[in-house]
Amino acid sequence: MIRRALALLLLATAAPASAQTFAIVNGIVATGDGSAPVEGGTVVVRNGRIVAAGPGVGVPAGAQVIDARGKWVTPGIVAGFTRLGLAEVDLSADGSDDTTANNSPFSAAIDVVPSINPLNTTIAVNRADGVTRAIVAPGTAKSIFAGQGAVIDTGADMEPITAARKFQFVELGETGKDKAGGSRSAAHAMFRNALREAAELSRFARPIAVKGERSDDVLLTRFDAAALVPVLQGRQYLLVHVERASDILQVLALKREFPALKIVLVGVSEGWTVADRIALAGVPVIASAVNDLPASFEQLAATQSNVGRMRAAGINVSIGLIDDTDTRNIFAERQYAGNLVGLTKIPGATGVSWGEALAMITSRPAQAIGMGGEIGSLAPGRRADVVIWSGDPLEGSSAAEQVFIDGVSQPLETHQTKLRDRYRYLPRRDLPEAYRH
Amino acid sequence: MIGRGALTVAALALGACASTQSKPKPAAPVPINEDPYPSTYERYPGAVTVIRHATVFDGDGKRFDNGTVVFGDGKIQAVGGPELASPAGAVEIDGTGKWVTPGIIDVHSHLGDYPSPGVQGNSDGNEATSPARPEVWAEHSVWPHDPGFSRALINGGITTLQILPGSANLFGGRSVVLKNVSARTSQGMKFPGAPYGLKMACGENPKRVYGSKGNMPQTRMGNIAYTRGVWIKAQAYKRKWDKYNRNGGDMPERDLAMETLKGVLDGKILVHNHCYRADEMALMIDMSHEFGYKISTFHHAVESYKIADLLAREGICSAMWADWYGFKMEAYDAIKENIPFVHNSGACAIVHSDDANGIQRLNQEAAKALADGRRAGINISDEVAWEWLSRNPAKALGILDRTGTLATGKMADVVLWNGNPFSDYTRPERVWIDGAEMYDANNSKRRPVSDFELGQPGEGDTK
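K.L.:
Would you explain the confidence of the model for chain B in this entry?
P.N.:
Caution is warranted with low-pLDDT regions, since their predicted coordinates should not be read in detail. All names here are of chain B. A residue-level look at chain B finds 95% of positions with pLDDT of 70 or above and a mean pLDDT of 95. Within the model, pLDDT remains below 50 along residues 1-18, and this stretch shows zero contacts once partners closer than five positions in the same chain are excluded. Model confidence for the complex: the whole-complex pTM is 0.94, and ipTM, which rates the interface, is 0.94.

The structure is reproduced here in structure tokens:
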């Protein structure tokens, strides 16, 4: 009874704006599936879902019509790998940062969901720039296992979670080496041991509730080991951060040893050097778009052509913000995707087509974690995350003019836009600036 | 009475005695070598070159459609329309559908002192052992083989850049201005005749670095007090040395830290002040008046838009990002219209990177800021906005008389872009520094590969 009342209440809060049918007409429409944009397209939305998109799509009777003449219409940006919503401020404001639990006894058991604050200004800033969904991973603390990540939306409401505990995140490169005690060998030993402990618990229907049936030499808490059971059984994705070619191959070897693992590679700066092997393994990659510096000894072969070359080898590649320094600037993904298109004009470089570049920041990351049927494109039945842009969205100079999430029109005001309006004109007036709001 | 008179007489006698006794004339002042690590940069050979049919931004706010740029002997010789004649024997380049601009100048880089790979053994940007280290010079940390220099050249069109010490200290040390031409030594990259800069910092970093060790400064008021205390010492040092330089005599003991600060008070060294918040910038401006120096530029000035009128009045440049925000508390009030707002108030606006990746796309950063400004009703043309990338940073570095625009007689630091440089799809096609072609996208032999990258996976790749 109470549960039903709660469900009704939730429906009531979500319903008013999304239940309607509307059509965005006359725009340059790109569906996010890798195809090229088409002019004069129509996008029809009903009950928060895409009904149809493309040229020659009719407007249903009674639908509200939004004219997007001269504008571009695409799915909302899906950020491939971020910390969005975990930190209001990264440095020097400790209370606002839930990214990494350095003093927690737990690792794999950590679930990022309670840390997500939908009112975080970073969510608003990125929403205002057309980012509608994000894959959010916690940061690693004392273990190679960071914990369980989620898929969130950036809507201006208190229900940010699209999919909780969608994946486990593990570090098996330089960071993993440090967390494991100082070597990659130790990181792999820790990983295998963790799977062993999970396997032991997996024999029980309720691994946390059962008492006493663990070996004496366990390293993980029961809660952490239990959290790895769905990873071991292939019911939860495993995102693995590696950059170096040899580290990538070690992870592919793990995949052969534990075939049930649903591995997604993250980072992968040297992926192009072993692209055929990754493609053969059928493992998706979430990569940094334009890393081209040997920033560390695991990224010596970094090049902006990495993404294009991996794509050309047949890998499902999407774009993420792997470096924590730019994880709050998800809006930069559009610019980076445009840069990948620009590479097609550089002799010797490998870029991607415009349609593929858009797919890498919309449908491809969704597909990488098994949510391609739900988000990231304008295909019928998908959640209606739609953005109307002032121009080509792969130009950083274009802006999101209207953003819909689940068919709900979103506010685009932020802390930044309010400061902009307050300080647009500086001459002294009758009252201080603080009275301008 | 008598006693007093006698005293007076005695005093007079003493005075007379002192003035008549033959004392050796004080030794003439010996000048200090102000350039002990001189530039050894020499421009490389280049052909007399004419680029035609390109869209040209001259960096001084002018645009030439179907423009022509002529350079040779390392210098810009002419910029104009199709009517310009070609010198005999010049190499002709068809710039149809392409753009020509002055090379981009990054006023804030740590290439070389925080190079790639970013390992501890290469970490040379912060002498974080005292809040005041004006005695250290960034050029003594610059590793000329940092692969980042080549990325900045080939992807970013960067022809000149200032390498600064980090911001751990209130006084971080001297900066160095480099031509982006690879060399065996940092002296081999030094921009000949560019003035030194002094890196100063206010705000969170110094108080965090030293406060966490239980030392001063631990607060912003500590920052200010400490900085003022150092300037008081510098003024005394300057008085002592000015007197020596006027009168000669015994040379006072040299102090490297104070020499740098004296250089600032003498107007020879330019102040580059890391400062995010508007209220702190205003304090630093008052401090500059208190001690009699000039601030060239506030760096990372995310709140310049709040005091753009003050900055215009003071003639201080702001070096800014297009859209970085919130990564620390003092960056919380960043807005995307900061750069155009500063420009619009008549103050000097600069797009800077502080980042080995960002330096590869400052043109795109400018494009975002320009578009955000236009949406806020500030209509700045593309050709005027280019001033943020070359003219204004050259001004901030004291080298505008030599580079930063395509004015006749200036260094031929030129980029040919394969499209509109305010697009994410555009890259440098060719880059000339002092008229020498240092990059050609169509010729892999015109692409620098650093010592570090030889024999590594990906050596010589397009990057």
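K.L.:
Any chance you could explain the interface of chain A and chain B here in plain terms?
P.N.:
The extent of an interface is frequently quoted as the accessible surface area lost upon association of the parts. Opposite the 44 residues of chain A that make contact, chain B presents 52 residues. For the side of chain A that touches chain B, the secondary-structure elements that each account for two or more residues are helix H2 (121-127), helix H10 (332-342) and helix H13 (415-422) of chain A. Top contributing element to the side of chain A that touches chain B by residue count: H10(A), with five residues. Taken together, the residues that form the side of chain A that touches chain B break down as 19 nonpolar, 17 polar and eight charged.

K.L.:
Looking at this structure, I do not really get the domain arrangement of chain A. What am I missing?
P.N.:
Residues and elements named next belong to chain A. Examined at the domain level, chain A breaks down into domain 1 (1-76 + 378-437) and domain 2 (77-375). Relative to domain 2, the C-alpha centre of domain 1 lies at a distance of 28 Å. At the interface, 29 residues of domain 1 touch 30 residues of domain 2. For the side of domain 1 that touches domain 2, the secondary-structure elements that each account for two or more residues are strand E5 (72-75), strand E14 (386-389), strand E15 (400-405) and H13. Top contributing element to the side of domain 1 that touches domain 2 by residue count: E15, with three residues. Within the side of domain 1 that touches domain 2, the residues separate by chemical class into 13 nonpolar, ten polar and six charged.

K.L.:
Could you clarify how one ought to interpret H10(A) in this entry?
P.N.:
A turn of α-helix holds 3.6 residues, and therefore any two residues three or four places apart point the same way. Taken across its eleven residues, H10(A) has eleven buried, putting it largely inside the fold. Restricting attention to buried positions, one finds in H10(A) the residues A:Ala332, A:Glu333, A:Arg334, A:Gln335, A:Tyr336, A:Ala337, A:Gly338, A:Asn339, A:Leu340, A:Val341 and A:Gly342. Turning to H10(A), the residues buried within the fold contact strand E6 (77-82), helix H9 (306-312), strand E13 (317-319) and helix H11 (354-360) of chain A together with helix H9 (362-375) of chain B.

K.L.:
Could you clarify how one ought to interpret the sheet that holds strand E14 (residues 348-351) of chain B in this entry?
P.N.:
Strands belonging to one sheet form pairs held by backbone hydrogen bonds; the direction of such a pair is parallel or antiparallel. Residues and elements named next belong to chain B. On the basis of which strands lie adjacent, the open sheet formed by six strands has the order E8-E10-E11-E12-E13-E14 and mixed pairing. With partners counted over all chains shown, the strands left at the sheet margins are strand E8 (171-174) and E14, one partner each. Going from strand to strand, the sheet's axes swing by 20° on average, the running direction of each strand aside. Bridge count for strand E12 (residues 295-299) against strand E13 (residues 317-320) is three bridges, and the pairing is parallel. Across the sheet, residue Thr297 finds its bridge partner in E13, namely Cys317.

K.L.:
How do you make sense of the sheet that holds strand E7 (residues 158-163) of chain B when you look at a structure like this?
P.N.:
Residue and element names in this part refer to chain B. Taking strand neighbours across the sheet as the criterion, the three strands line up as E6-E7-E9 in an open arrangement whose pairing is mixed. Looking at which strands have only one partner, the edges of the open sheet turn out to be strand E6 (104-109) and strand E9 (176-179). Taking the axes of each pair of neighbouring strands and ignoring which way they run, one obtains an average angle of 20° across the sheet. Sheet topology note: the E7/E9 ladder contains four bridges and is antiparallel. From the neighbouring strand, Gln162 faces E9, where its bridge partner is Val177.

K.L.:
Is there a simple way to explain unusual backbone geometry in this structure?
P.N.:
Of all residues except glycine, most have a negative phi; of all peptide bonds, most are trans. Residue and element names in this part refer to chain B. Omega for the bond connecting Ser116 with Pro117 falls within 30 degrees of zero, at -5°, which places this linkage in the cis form. Here Pro117 shows up in the loop between E6 and helix H2 (148-154). Following Met216, the chain continues into Pro217 via a peptide bond in cis, with omega recorded as 0°. Relative to the helices and strands, Pro217 resides in the loop between helix H3 (204-211) and helix H4 (220-247). One non-glycine residue, Asp354, adopts positive backbone phi at about 55°. By secondary structure assignment, the location of Asp354 is in the loop between E14 and H9. The class for Asp354 is buried, based on 21 C-beta atoms found within 10 Å.

Criteria and cut-off values
- Residues numbered from 1 in each chain as written.
- Chains lettered and ligands numbered in written order.
- Predicted model: local features only at pLDDT ≥ 70, side-chain atom pairs only at ≥ 80, totals over all residues.
- pLDDT = per-residue confidence, 0-100.
- Contact = placed C-beta atoms within 7 Å.
- Helix = DSSP H or I, 4+ residues; strand = E, 2+ residues; numbered from the N terminus.
- Nonpolar A, V, L, I, M, F, W, Y, C, P; charged D, E, K, R; others polar.
- Domains from an automatic or database assignment.
- Buried ≥ 20, exposed ≤ 12 C-beta atoms within 10 Å, placed from the backbone.
- Pairing = 2+ DSSP bridges.
- Axes fitted to C-alpha atoms, helices over the stretch in contact; angles between N-to-C directions.

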